[in-house]
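Observations on the model geometry
The primary structure of each chain is shown beneath.
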Amino acid sequence: MRTTVGIIGAGPAGLLLARLLHNAGIDSVVLESRDRAYVERRQRAGILEQGTVDVLREAGAGERMDREGLRHDGIELRFDRRRHRVDFPALTGGRSVMVYAQTEVCKDLIALRIEEGGPLLFETEALAVEGADTDRPRVRFRREGVEDVLECDYVVGCDGFWGVARSAVPDGRTFERTYPFSWLGILADVAPSHDELVYARHDRGFALLSMRSPSVSRLYLQVPADTDADDWSDERIWDELERRFETDDDWTLRRGPVTQKSVTPMRSYVHEPMRHGRLFLAGDAAHIVPPTGAKGLNLAVGDVVTFARALAHRTATGSDDLLDAYSATCLRRVWQAERFSYDMTTLLHTAPDATPFEDRLQLARLDRIASSRAAETDLAEAYTGFPIG
Ligand code: APR
Ligand code: PHB
């Protein structure tokens, strides 16, 4: 098998990259270890920055998003029984975000790939990337029990945090932080209790109210890192959510049947550089952010747009300049998202070893955002997203 760009992984990064390359007239093959149903069902944060929305539209992948996605012009911060709304358009010159589930982004991109007839091989596991420092890199893979080789001009590792591509970048450096807590997330068949996302800081821990549609709520609770989701009955989850979202007004939390429950660990991670020879890393394969602020998908989009532009530039001009700048270009934006996600995480979660002094500082930081337009603008700019490239 031979192609111009071998793409490992059919998460949002790999799928969008295949679409962008197709639109630029560049052929690719996507290898995905899981089956289609698994990829289409995996629950992840679903907040699309303004820039991500624009990219999906330009790629011809925004039709259903524009019909079914929910435009959000703000979020609510909840602390000390108070509520503070951050108004994105007012603070950023008109920017907003879109609530559209990552499962739906993946479904739309898979459907487009099939429609355009591009190779997308599910249940095909990449085993190794070889010859990254030659001009004929290869992906060794296994499909239906048989090993084979995909010969490429370029390989892009979009295979997530647990993939194989990163190990083919020698002499890399990693920067990492784990957190002493996780998120217990539920999907519930009930209309969201608020029309915007609510990020709550409470002495008992963080809570988040999000949504998947006008009739499906997505809610999270901060829990200790080693938590087993089965230890949390539905009633216990609702009771705890209710306490952490408490306010001085008459706001109430709507309860409904829980249809999914899982625990997500929290990690910050960056691998530098994001390139070795003709192997490029994109998305979770190169970096992880904790989900507070929902930057993961948006970073993946920035990476693959940067790669697709760089390769189209090379095809048009013969110049490697943009490909050579790929890692530095992506990492600048990645570190801004790392900073923001870390800030949001430490702003809103209660660390098990936090001192009363640190608790007060958290409240002071929140109060500062609620009372200073400058501080609030900083949050709004980061939440709605930094420019790509
Ligand atoms: N061979 C083939 N496919 C693989 C391999 C392998 N050896 N290892 C992993 N994969 C696949 C996974 O099954 C997964 O479908 O690569 C894909 C990686 O997708 P994601 O984990 O979704 O990562 P990415 O596309 O970078 O998306 C960015 O943003 O919100 C965050 O983590 C969240 O998915 C999200 C991410
Ligand atoms: C989600 O809806 O899953 C979600 C939203 C916002 C976040 C994280 C997760 O910050």
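Here the structure is a predicted model, which means the values were calculated and not measured.

Some details on the pattern of salt bridges
Overall, the coordinates contain 39 salt bridges when judged by the stated rule. Two residues, Glu76 and Arg78, come together in a salt bridge whose shortest N-O distance is 2.7 Å. In terms of burial, Glu76 and Arg78 fall into one category: buried. The shortest N-O distance in the salt bridge between Glu242 and Arg255 comes to 3.4 Å. With Glu242 in helix α7 (residues 234-244) and Arg255 in the loop between α7 and β16 (258-272), this residue pair connects regions lying 13 residues apart in the sequence. The class of Glu242 is partly exposed, set by a relative accessible area of 38%. Take Arg255: its relative accessible area is 37%, and that puts it in the partly exposed class. One network of salt bridges, with partners in common, ties together Glu63, Arg64, Arg67, Glu68, Glu104, Lys107 and Asp108.

Overview of the sheet that holds strand β5 (residues 74-79)
Taken together, the 8 strands give an open sheet; going across it, the order is β6-β5-β13-β14-β15-β12-β16-β19, and neighbouring strands pair in mixed fashion. Since the sheet does not close on itself, it has two edges, and those belong to β6 (82-87) and β19 (287-288), each with one partner. With 13 bridges joining them, strand β12 (residues 173-188) and β16 adopt antiparallel strand pairing. Along β16, the bridge assignment pairs Trp183 with Thr264. Where α7 meets the sheet, it contacts β12, β13 (197-201), β14 (207-213), β15 (216-224) and β16, and its direction lies at approximately 85 degrees from that of β15. Taken strand by strand, helix α11 (residues 373-384) contacts β5, β6 and β13, and its axis lies near 60 degrees from that of β6.

Section: the nonpolar core
Among the nonpolar cores identified, the biggest contains 72 residues, and Val5, Leu16, Leu17, Leu48 and Phe307 are the most heavily contacted of them. Among the elements that line this core, the one with the most residues is helix α8 (residues 296-317), at 10 residues. Residues in contact with Phe307, not counting those within four places in the same chain, are Val5, Leu17, Tyr154, Val156, Phe280, Leu323 and Tyr326. Membership of the second largest hydrophobic core comes to 52 residues, among which are Val99, Leu184, Val190 and Trp251.

Describing empty space enclosed by the protein
Scanning the model with the defined rule gives 7 cavities of 30 Å³ or more in all. For the largest cavity, the calculated volume is near 80 Å³. As for the largest cavity, its lining consists of Ala45, Gly46, Ile47, Trp183, Leu197, Tyr199, Leu208, Ser210, Arg212, Tyr220, Pro291 and Ala294. Secondary structure elements with two or more residues in the lining of the largest cavity: β13 and β14. In terms of residues, the lining of the largest cavity owes the most to one element, β14, which gives 3 residues. Residue composition of the lining of the largest cavity, by class: 9 nonpolar, 2 polar and 1 charged. Each of domain 1 (5-72 + 99-175 + 267-344) and domain 2 (179-265 + 350-384) gives at least three residues to the lining of the largest cavity.

Here's the deal with the sheet that holds strand β7 (residues 97-99)
Pairing in this open sheet of 3 strands is antiparallel, and the strands run β3-β7-β4 from one edge to the other. The open sheet terminates on both sides in strands that have one partner only, identified here as β3 (47-48) and β4 (70-72). As defined by bridge partners, β3 adjoins β7 across 2 bridges and the pair is classed as antiparallel. By the bridge assignment, Ile47 is partnered in β7 with Val99.

Regarding the packing of aromatic side chains
Throughout the structure, instances matching the rule amount to 16 aromatic pairs. Between Phe175 and Trp335 the ring centres are 5.7 Å apart and the planes differ by 80 degrees, which places this aromatic pair in the edge-to-face class. A residue pair is termed long-range when its members are at least 10 positions apart, and Phe175 in strand β12 and Trp335 in helix α9 (residues 321-348) qualify at 160 residues. A residue is classified by how much of its surface remains accessible, and Phe175, at 24% relative accessible area, is partly exposed. Three or more aromatic residues joined by ring pairs form one cluster here, namely Phe88, Trp183, Tyr199, Phe206, Tyr220, Phe340 and Tyr383.

Regarding the domain arrangement of the protein chain
We note that the domain assignment places domain 1 (5-72 + 99-175 + 267-344) and domain 2 (179-265 + 350-384) within the protein chain. Taken over C-alpha atoms, the centre of domain 1 sits 29 Å from the centre of domain 2. On the domain 2 side, the residues contacting the 23 residues of domain 1 number 21 residues. For the pair domain 1 and domain 2, the summed buried area comes to about 1,800 Å², and 61% of that belongs to carbon and sulfur atoms. Together, Gln43, His72 and Pro291 form the three largest contributors to the area buried by domain 1 at its contact with domain 2, with a combined 27%. Where domain 1 packs against domain 2, one counts 0 salt bridges.

Topic: the site of ligand 2
Around ligand 2, the surrounding shell holds 15 residues, and the nearest of these are Tyr199, Ser210, Arg212, Tyr220 and Pro291. Here an oxygen atom of ligand 2 and a side-chain polar atom of Ser210 are 2.6 Å apart. Within the backbone of Gly293, one N or O atom sits 3.0 Å away from an oxygen atom of ligand 2. Protein contact buries 100% of the 280 Å² of open area that ligand 2 shows by itself. Within the residue set of the shell around ligand 2, elements represented by two or more residues are β13, β14 and β15. For the shell around ligand 2, the class distribution of residues is 9 nonpolar, 4 polar and 2 charged.

Rules and cut-offs
Residues numbered from 1 in each chain as written. Chains lettered and ligands numbered in written order. Predicted model: local features only at pLDDT ≥ 70, side-chain atom pairs only at ≥ 80, totals over all residues. Heavy atoms only, no water. Salt bridge = Lys/Arg side-chain N within 4 Å of Asp/Glu carboxyl O. Buried < 20%, exposed > 50% of the residue type's maximum accessible area, 1.4 Å probe, protein only. Helix = DSSP H or I, 4+ residues; strand = E, 2+ residues; numbered from the N terminus. Pairing = 2+ DSSP bridges. Contact = heavy atoms within 4.5 Å. Axes fitted to C-alpha atoms, helices over the stretch in contact; angles between N-to-C directions. Core = buried A, V, L, I, M, F, W, Y, C linked by side-chain atoms within 4.5 Å. 1 Å grid on protein atoms, 1.4 Å probe; cavity = no way out; pocket = protein on both sides within 12 Å on 5 of 7 lines; lining within 4 Å. Points joined across faces, edges and corners; volume = space filled by probe spheres on them. Nonpolar A, V, L, I, M, F, W, Y, C, P; charged D, E, K, R; others polar. Domains from an automatic or database assignment. Phe/Tyr/Trp six-rings, centres within 6.5 Å; stacked < 30°, edge-to-face > 60°. Buried area = accessible area lost by both parts, 1.4 Å probe. Near = heavy atom within 4 Å. Polar contact = N/O pair within 3.5 Å; in protein donor to acceptor, adjacent residues only side chain to side chain. Areas by Shrake-Rupley, 256 points an atom, 1.4 Å probe, with all protein chains shown as cover.

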